[in-house]
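Tertiary structure, described
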Amino acid sequence: MKALKAILFFLTIASSSFGQDFEGKVIYRNEYTSKISNLSSEQFTSMMGTTQIYLLKGGDYKSLTNGTFAQWQLYINKDNKLYNKMSHSPTVFWLDGAVNTDEILKVEINKEVTEVLGYLCDELIFTCKSGIKKYYFSSKIKIDPKLYEQHKYGNWNEILLRTNGLPLKMILDSTQFSVVSTATEITSEKLDSKIFELPEGIKVEKSQ
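Since this is a predicted model, take the numbers as computed values, not measurements. (Residues numbered from 1 in each chain as written. Predicted model: local features only at pLDDT ≥ 70, side-chain atom pairs only at ≥ 80, totals over all residues. Heavy atoms only, no water.)

**Describing the overall build of the protein chain**
- Looking only at helices and strands, one finds three helices and 12 strands in the protein chain.
- Rg of the C-alpha trace for the protein chain: 16 Å, near the compact-globule value of 17 Å for 208 residues, within the 12% margin.
- When burial is assessed residue by residue, the protein chain has 48% of its 208 residues classed as buried.
- For the protein chain, the accessible surface area stands at approximately 10200 Å², while carbon and sulfur atoms represent 50% of it.
- Taking the average place of the 25 positive charges on the side chains of the protein chain and the average place of its 24 negative ones, the gap between the two points comes to 3 Å. (Helix = DSSP H or I, 4+ residues; strand = E, 2+ residues; numbered from the N terminus. Rg over C-alpha atoms; globule rule 2.2 N^0.38 Å. Buried < 20%, exposed > 50% of the residue type's maximum accessible area, 1.4 Å probe, protein only. Areas by Shrake-Rupley, 256 points an atom, 1.4 Å probe, with all protein chains shown as cover. Lys, Arg positive; Asp, Glu negative; His and termini not counted. Charge placed at Lys NZ, Arg CZ, Asp CG, Glu CD.)

**A closer look at the side chain of Thr 182**
- For Thr 182, the position within the fold is in strand E11 (residues 177-188).
- Thr 182 sits in the buried class, given a relative accessible area of 12%.
- Apart from residues lying up to four places away in sequence, Thr 182 is in contact with Ile 27, Tyr 28, Arg 29, Val 116, Leu 168 and Lys 169. (Contact = heavy atoms within 4.5 Å.)

**Examining the nonpolar core**
- If you look at the biggest cluster of nonpolar residues, it comprises 40 residues, and the most contacted ones within it are Val 26, Tyr 54, Tyr 61, Tyr 148, Trp 156, Leu 166 and Leu 168.
- The biggest single contributor to this core is strand E8 (residues 119-128), with five residues.
- Contacts of Tyr 148, omitting those with residues within four sequence positions, involve Leu 56, Gly 58, Gly 59, Asp 60, Tyr 61, Tyr 75, Ile 143, Trp 156, Asn 157 and Leu 160.
- Residues Leu 55, Ile 76, Val 92 and Leu 191 belong to the second largest nonpolar core, which totals nine residues. (Core = buried A, V, L, I, M, F, W, Y, C linked by side-chain atoms within 4.5 Å.)

**Let's talk about helix H2 (residues 41-48)**
- Of all the positions in H2, only Phe 44, Thr 45 and Met 48 are classed as buried. The buried residues of H2 all sit within an arc of 100 degrees when viewed along its axis, so they share a single face.
- One or two residues past the end of H2 sits Gly 49, with phi positive at roughly 100 degrees. (Arc of directions from axis to C-beta.)

**A look at helix H3 (residues 156-163)**
- The set of residues buried in H3 consists of Trp 156, Asn 157, Ile 159, Leu 160 and Thr 163. Projected onto a plane normal to the axis of H3, the buried residues spread over an arc of 160 degrees and lie on a single side.
- Where H3 is buried, its residues touch strand E2 (51-57), strand E3 (60-65), E8, strand E9 (131-142) and strand E10 (165-173).
- Two residues or fewer after H3 comes Asn 164, characterised by a positive phi angle close to 55 degrees.

**Observations concerning the state of the cysteines**
- Here the structure, examined in full by the defined rule, presents zero disulfides.
- No disulfide involves Cys 121; its sulfur sits 20 Å from the nearest other cysteine sulfur, which is in Cys 128.
- Accessibility expressed as a relative area gives 0% for Cys 121, which makes it buried.
- Owing to a relative accessible area of 6%, Cys 128 belongs among the buried residues under this scheme. (Disulfide = S-S within 2.5 Å.)

**A few points about the environment of Phe 69**
- On the secondary structure map, Phe 69 appears in the loop between E3 and strand E4 (70-76).
- Judged by its relative accessible area of 17%, Phe 69 is buried.
- Along the chain, Phe 69 and Ser 46 lie 23 residues apart, while their C-alpha atoms are 8.0 Å from each other.

**Topic: the packing of aromatic side chains**
- Inspection of the entire model under this criterion finds nine aromatic pairs.
- With centroids separated by 5.0 Å and ring planes inclined at 40 degrees, the aromatic side chains of Phe 44 and Phe 177 adopt a geometry described as tilted. Placement of Phe 44 in helix H2 and of Phe 177 in strand E11 is noted, with a sequence separation of 133 residues between them. For the pair Phe 44 and Phe 177, a shared accessibility class is recorded, and that class is buried.
- Ring geometry for Phe 126 and Tyr 135: centres 6.0 Å apart, planes at 70 degrees, overall edge-to-face. With respect to class, Phe 126 is no different from Tyr 135; both count as buried.
- Among the aromatic side chains, those forming a connected cluster through ring pairs are Tyr 28, Tyr 54, Tyr 61, Tyr 75 and Tyr 148.
- One residue, Lys 169, lies across the ring of Tyr 136, its end atom 5.8 Å from the ring centre. (Phe/Tyr/Trp six-rings, centres within 6.5 Å; stacked < 30°, edge-to-face > 60°. Lys NZ or Arg CZ within 6 Å of the ring centre and 35° of its normal.)

Rendered as structure tokens:
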């Protein structure tokens, strides 16, 4: 159960310049290292997927992976809920975006640390109860933090409050695993709002 919660936590949690708030698609490459004795890094990576497609429009987002276990996560802003679809169940399980289970103990910001896809990125470091989280972001990929001020789960509101932008690289560490997630493609485009709706007729339950 702890490993599943850590996985859901991560899923919440990737041209020259976008003058307005970013809308479009970001593709991330994910590299996992397992810290679970009975699960190798290769098995963990297969479960979670090496590729994550992140779609963003306004205050909504959807994340899709090529993993054998994790399939997709959908955040619907008006509900302030995160809906998670796993391969082992036909049911979609939701989490309350207003509930945060991970406390931030220390915050650091370092300027111009690395470059991702030609964007010079600053580094935001959160030392949390669950581990150390590093986010690399560019001011050119803008996100309005007000859109996500109620999205406390995964400290997403706190991340955007300090960065005003979408992370292009993340290094996340927990007791179950660590992951390096790096953007390999960024496409600014208008997306259909229907992408950010739950499939019709699908069973939905609160995650325990």
